[in-house]
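These are the residues of each chain, in order.
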Amino acid sequence: MRTTVELPPQLLRAAEAHAAARGETLKEFLTRAVAHELGEAVTPRPKRGKVRLPLIASDRPGRVDLANAEIDAIFAADDAERANHEALPSTHGR
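Rules behind the numbers
- Residues numbered from 1 in each chain as written.
- Predicted model: local features only at pLDDT ≥ 70, side-chain atom pairs only at ≥ 80, totals over all residues.
- Heavy atoms only, no water.
- Helix = DSSP H or I, 4+ residues; strand = E, 2+ residues; numbered from the N terminus.
- Buried < 20%, exposed > 50% of the residue type's maximum accessible area, 1.4 Å probe, protein only.
- Areas by Shrake-Rupley, 256 points an atom, 1.4 Å probe, with all protein chains shown as cover.
- Axes fitted to C-alpha atoms, helices over the stretch in contact; angles between N-to-C directions.
- Parallel < 35°, antiparallel > 145°, perpendicular 65-115°, else oblique.
- Contact = heavy atoms within 4.5 Å.
- pLDDT = per-residue confidence, 0-100.

Q: What's the story with the overall build of the chain in this structure? I'm lost.
A: Helix and strand counts for the chain come out as three helices and zero strands. Going residue by residue from the N terminus, the α and β elements of the chain occur as α-α-α. The proportion of buried residues among the 94 residues of the chain is 5%. For the chain, the exposed surface amounts to about 9,100 Å²; the carbon and sulfur share of it is 56%.

Below, the structure is given as structure tokens:
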């Protein structure tokens, strides 16, 4: 189910950092955090494969010079790509 929640920017950044450190999406992290607060168990998802580096491509390898707005745009594009990929119907087993 979708909903909108307004979080203070510092709290959102901290949640995103913790989720990334655990290899989770923000949705998975928040689901687990809310379930924990409510005393409910959440079935963990299977582990993902290894991360391919670099996470942010650069025209000049070894140096990434990005402003916060550019980083936000990269994350938004990545989130949109993931959402589109998850929304595609599965062709497995057909």
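And the narrative resumes.
Q: Even after reading the chapter, I still don't get the packing of helix α1 (residues 9–22) against helix α2 (residues 26–38), so can you show me in this structure?
A: Between two packed helices, the angle of one axis relative to the other and the distance separating the axes together describe the packing. In contact at an axis separation of 9 Å, α1 and α2 are set at 100° when each is read in the N-to-C sense. Judged on the interaxial angle alone, α2 and α1 are roughly perpendicular. The segment α1 lies against α2, with Leu12, Ala15, Glu16, His18, Ala19 and Arg22 engaging Leu26, Phe29 and Arg32.

Q: Looking at this structure, how should I read the confidence of the model for the chain?
A: The predicted coordinates ought not to be read in detail in places where the model reports low pLDDT. Counting all residues, the mean pLDDT for the chain is 81, and 78% of those residues have values of 70 or more. Summarising per-element confidence for the chain, the mean pLDDT is lowest in helix α3 (residues 68–87) (84) and highest in α1 (92).

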